[in-house]
Structure formats: C-alpha cells, structure tokens
Amino acid sequence: VAALAALICAVALLPGPARADNPIVQHLYTADPAPMVHNGRVYLYTGRDEDGSTYFTMREWRVFSSADMVNWTDHGSPMNLGTFSWADAHAWAGHVIPRNGKFYWYVPVRQRSNGQMVIGVGVADSPTGPFRDAIGRPLVGNGEIDPHAFIDDDGQAYLYWGNPNLWYVRLNQDMISFSGGPTRIPLTTAGFGARTGNPSRPTLYEEGPWVFKRNGLYYTVFAAECCAEFLAYSTAPGPTGPWTYRGTIMPRQGSSFTNHAGVIDFNGGSYFFYHNGALPGGGGYTRSVAVERFTYRANGMFPTITMTTA
Ligand code: FUB
C-alpha cells in the first residue's frame with residue numbers, strides 16, 4: 001500500500017482537458033518547483049518542507065515525473081544535505097538542467113564553515129539520480145540563493161541567482177566551473193518594477209529567477225516583493241538584459257508568504273508551476289507545489305494566472 005501511495009501522487013478525476021489535481025504532490029509538503037522536460041517526460045524537482053516547522057526545515061530535495069501532466073510518479077529523494085559534506089542546512093530552491101549526457105542540479109545550501117548561503121552543484125547520469133557532489137565545494141558563494149541555469153542557443157550557459165541582488169555568471173561547457181566573475185544585473189525600476197515602502201529594495205525583485213527564451217525573447221520570472229510574494233516577470237533582447245518589467249503573472253493568494261515559479265512548454269501546452277499552502281496543515285513552512293496550464297498572449301506576454309487554493 002505504501003508503495004502504491006508513493007507511486008501515484010495525483011490523478012485527474014474531472015472530465016474535459018486532462019489535468020492533475022492540485023497540489024501535484026499530496027503525501028508530502030513540497031516547495032520551490034523546478035520542472036524540466038526531457039525525453040518526453042516532465043521531471044519535477046522540489047524541496048521538501050518538514051511538517052510542523054516554525055521556520056523552513058528543509059533537508060532534502062525530491063523528484064517526481066509525468067508523461068501526461070496528470071499521473072505523477074514519485075522518484076523519492078536522490079539528493080539531500082548529506083550529498084554536500086560541507087553543508088549543514090537549508091536545502092532550498094534549486095534547478096536541474098541536462099548537458100553532456102548528465103544532469104546538473106544547482107542548489108542553495110548553508111555552508112557549515114561560515115554559516116553563509118552558497119550554491120552547490122550535484123550531478124547525475126539520470127534525471128532521477130542518484131546525484132553526487134560535482135566538485136566537493138561550493139560553486140559560488142556570496143550569501144545569496146535560488147540558482148537557475150540557462151543554456152542559450154549558441155551553447156553559452158548562464159547561472160542566475162540572488163536575493164536581494166540578481167547575479168549571473170557564465171558557466172563553462174563542463175557546467176561546474178565558470179569564466180569571469182559573478183556579475184550583478186542592475187535592478188532598475190524600469191527593469192524590475194517599483195517597490196514602495198522599502199528604501200533598501202527599490203525594485204520588486206525578491207528572489208527565485210526563472211530564465212528562459214521563447215520565440216527570440218528572453219524572460220525572467222521571479223518572486224516579487226516580500227512578504228507575501230507574488231510572481232512577476234521581465235523580458236529582454238538578450239540573456240543578460242537590458243530587462244523591461246512586464247507585470248504580475250500570479251497575484252498574492254493563499255497562506256504561503258513565499259511563491260516560486262517554474263515555466264515549461266510540454267506536448268503543445270504551456271505550464272506554470274508555483275507553490276502555496278493548499279494542503280491541510282499548509283502554510284508558509286508547509287507548502288505544496290501546484291501547476292496551471294496557460295496560453296501566452298499573441299504578443300508573447302503572460303496572462304494573469306490564478307492559483308488553485310483548494
Ligand atoms: O524554500 C526556501 C526559500 O523560500 C526558497 O529558496 C525561496 O525561493 C522561497 O521559496
């Protein structure tokens with residue numbers, strides 16, 4: 001029974017277009033969705049919120065997959081804090097990208113030696129792991145979080161991350177080293193919207209960048225303002241900008257004070273992943289990953305997307 005329960009996370013019950021029940025995962029609290037399309041499946045990488053917490057208690061990451069966005073298979077936890085011998089806490093929002101026949105999982109964790117948040121990278125031969133520490137030390141470390149990797153059409157890879165700043169670095173082909181130093185993306189109000197009431201943070205950008213390219217346009221979706229966060233986006237003609245703020249995608253809703261976006265196209269549909277506190281007992285530290293199918297506007301802009309909160 002336990003194996004069966006672990007196998008099937010959510011199944012469509014409604015007639016009409018196939019869709020999973022939200023939250024996607026109903027037997028665990030999950031957060032910080034990072035979907036990846038590979039070989040006809042969607043792999044969904046998440047963090048795991050431990051029940052009953054009064055702060056983020058996150059020690060492992062989880063993987064789920066689906067061929068139809070309806071039936072999800074639980075692949076367990078192929079990477080956790082123990083994967084990184086030099087880390088001691090905070091298995092926060094990561095991102096997985098395939099290259100060179102391998103899968104690279106960039107994650108923010110707390111470095112034991114100095115208590116600073118840094119970015120580690122796991123590597124595996126399969127999208128479901130097991131993942132091992134790729135370099136035995138942090139890849140980059142400046143106290144900031146939420147890495148996201150992107151490979152442009154010319155093969156150049158970038159790693160973006162940051163809270164309160166937004167950084168990028170050019171990754172080398174090996175995906176585990178980089179050329180040049182981390183560069184700070186200018187957080188202008190034209191690029192990332194205007195925040196009021198917090199002079200130290202004039203723009204809406206908070207954390208969780210999700211960068212992708214579609215029809216020649218570059219997008220950064222991000223968690224805006226705090227707290228509570230909403231999900232917003234900017235676009236640019238290139239991977240490093242200049243960025244133009246385009247507005248809200250998913251307004252504040254529900255009982256989680258954070259939100260975190262992941263966007264994919266799969267089997268002819270576009271999907272927007274996020275998290276909220278919709279499971280029983282859910283809230284800011286007991287979150288759940290969910291997804292909505294959506295259609296881009298004719299000009300490539302996002303529509304407003306509403307959460308499923310129950
Ligand atoms: O899950 C821990 C942190 O909360 C993530 O790193 C942020 O993106 C926010 O979701």
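About the thresholds
- Residues numbered from 1 in each chain as written.
- Predicted model: local features only at pLDDT ≥ 70, side-chain atom pairs only at ≥ 80, totals over all residues.
- Helix = DSSP H or I, 4+ residues; strand = E, 2+ residues; numbered from the N terminus.
- Rg over C-alpha atoms; globule rule 2.2 N^0.38 Å.
- Buried ≥ 20, exposed ≤ 12 C-beta atoms within 10 Å, placed from the backbone.
- Near = placed C-beta within 6 Å.
- Pairing = 2+ DSSP bridges.
- Axes fitted to C-alpha atoms, helices over the stretch in contact; angles between N-to-C directions.
- Contact = placed C-beta atoms within 7 Å.
- Core = buried A, V, L, I, M, F, W, Y, C linked by C-beta atoms within 7 Å.
- pLDDT = per-residue confidence, 0-100.

Enquirer: Before we go on, may I ask you to explain the overall build of the protein chain in this structure?
Expert: If you tally the helices and strands in the protein chain, you get 2 helices and 21 strands. Against the compact-globule benchmark of 19 Å for 310 residues, the protein chain has a radius of gyration of 18 Å, which places it among compact chains. The dimensions of the protein chain, computed from C-alpha atoms along their principal axes, are 50 × 45 × 40 Å. Put simply, the protein chain has 310 residues, and 45% of those count as buried.

Enquirer: Where do I start with the site of the ligand in this structure?
Expert: Neighbouring residues of the ligand: 13 residues in total, closest Trp92, Ala93, Gly208, Thr258 and His260. For the shell around the ligand, the elements supplying multiple residues, two or more each, are strand 1 (29–38) and strand 15 (205–214).

Enquirer: Whenever I open this one, unusual backbone geometry confuses me. Can you help?
Expert: Each neighbour pair has its own omega, and for Asn22 with Pro23 the value is -5 degrees, a cis peptide bond. Locating Pro23 in the fold gives a position in the loop between helix 1 (2–7) and strand 1. With an omega dihedral of 0 degrees, the bond running from Gly241 to Pro242 counts as a cis peptide bond. Mapped onto the fold, Pro242 is located in the loop between strand 17 (230–236) and strand 18 (244–250). Of note in the backbone geometry, Asn39 takes a positive phi value of approximately 50 degrees without being a glycine. Relative to the elements of secondary structure, Asn39 occurs in the loop between strand 1 and strand 2 (41–49). Backbone geometry at Asn100 places phi at a positive 60 degrees, although glycine is not the residue there. With respect to the helices, strands and loops of the structure, Asn100 is situated in the loop between strand 7 (95–99) and strand 8 (102–111).

Enquirer: Sorry, what's going on with the sheet that holds strand 16 (residues 217–224) here?
Expert: Two modes of strand pairing occur in sheets, parallel and antiparallel, and in both the strands are linked by backbone hydrogen bonds. Spatial strand order, 15-16-17-18: 4 strands in an open sheet with antiparallel pairing. Sheet topology places strand 15 and strand 18 at the edges, where each strand pairs with a single neighbour. Shown here is a sheet whose adjacent strand axes are inclined to one another by a mean of 25 degrees, direction ignored. Bridging between strand 15 and strand 16 involves 7 bridges; their strand directions are antiparallel. Looking at the pairing, Trp210 lines up with Val221 of strand 16.

Enquirer: Sorry, what's going on with the sheet that holds strand 21 (residues 288–294) here?
Expert: The 3 strands are arranged 19-20-21 in an open sheet whose pairing can be described as antiparallel. The outermost strands of the open sheet, each flanked by one partner alone, are strand 19 (262–266) and strand 21. Geometrically, the sheet is characterised by an average inter-axis angle of 25 degrees between neighbouring strands, direction not taken into account.

Enquirer: What should I look at first to understand the environment of Ala261 in this one?
Expert: Topologically, Ala261 is positioned in the loop between strand 18 and strand 19. The class for Ala261 is buried, based on 25 C-beta atoms found within 10 Å. Distance in space between the C-alpha atoms of Ala261 and Pro33 is 6.7 Å, their sequence separation being 228 residues. Each residue touching Ala261, except ones within four places of it in the same chain, is listed here: Gly208, Trp210, Val221, Leu231, Phe272, Phe273 and Tyr274.

Enquirer: Looking at this structure, I do not really get the nonpolar core. What am I missing?
Expert: In summary, soluble globular proteins display a tendency toward joint burial of nonpolar side chains. Of all hydrophobic cores here, the largest spans 84 residues; its most connected members are Tyr45, Val96, Tyr104, Trp105, Val221 and Leu231. Residues contacting Val221, with those up to four places away along its chain left out, are Trp210, Leu231, Tyr233, Ile249, Ala261 and Val263.

Enquirer: I'm lost on the environment of Gly191 in this one. Help?
Expert: Its location among the elements puts Gly191 in helix 2 (residues 189–192). On the neighbour-count criterion, Gly191 (21 C-beta atoms within 10 Å) is buried. Expressed as a C-alpha distance, the spacing of Gly191 and Pro242, which sit 51 residues apart in the sequence, is 7.3 Å. Those residues in contact with Gly191, other than ones at most four positions away along the chain, are Pro186, Ser234, Gly241, Pro242, Trp243, Thr244 and Tyr245.

Enquirer: Any chance you could explain the confidence of the model for the protein chain here in plain terms?
Expert: The predicted structure's coordinates, where accompanied by low pLDDT, should not be read in detail. When pLDDT is averaged along the protein chain, the result is 93; 94% of the residues meet or exceed 70. Within the model, pLDDT remains below 50 along residues 1–18, and this stretch shows 26 contacts once partners closer than five positions in the same chain are excluded. Across the interface, the model reports ipTM at 0.99; the global pTM reads 0.94.

Enquirer: Any chance you could explain the environment of Ser53 here in plain terms?
Expert: Tracing the backbone shows Ser53 in the loop between strand 2 and strand 3 (60–66). Accessibility expressed as a C-beta count within 10 Å gives 14 for Ser53, which makes it partly exposed. Once the C-alpha coordinates of Ser53 and Val291 are considered, the two residues, 238 residues apart in sequence, prove to be 24 Å apart.

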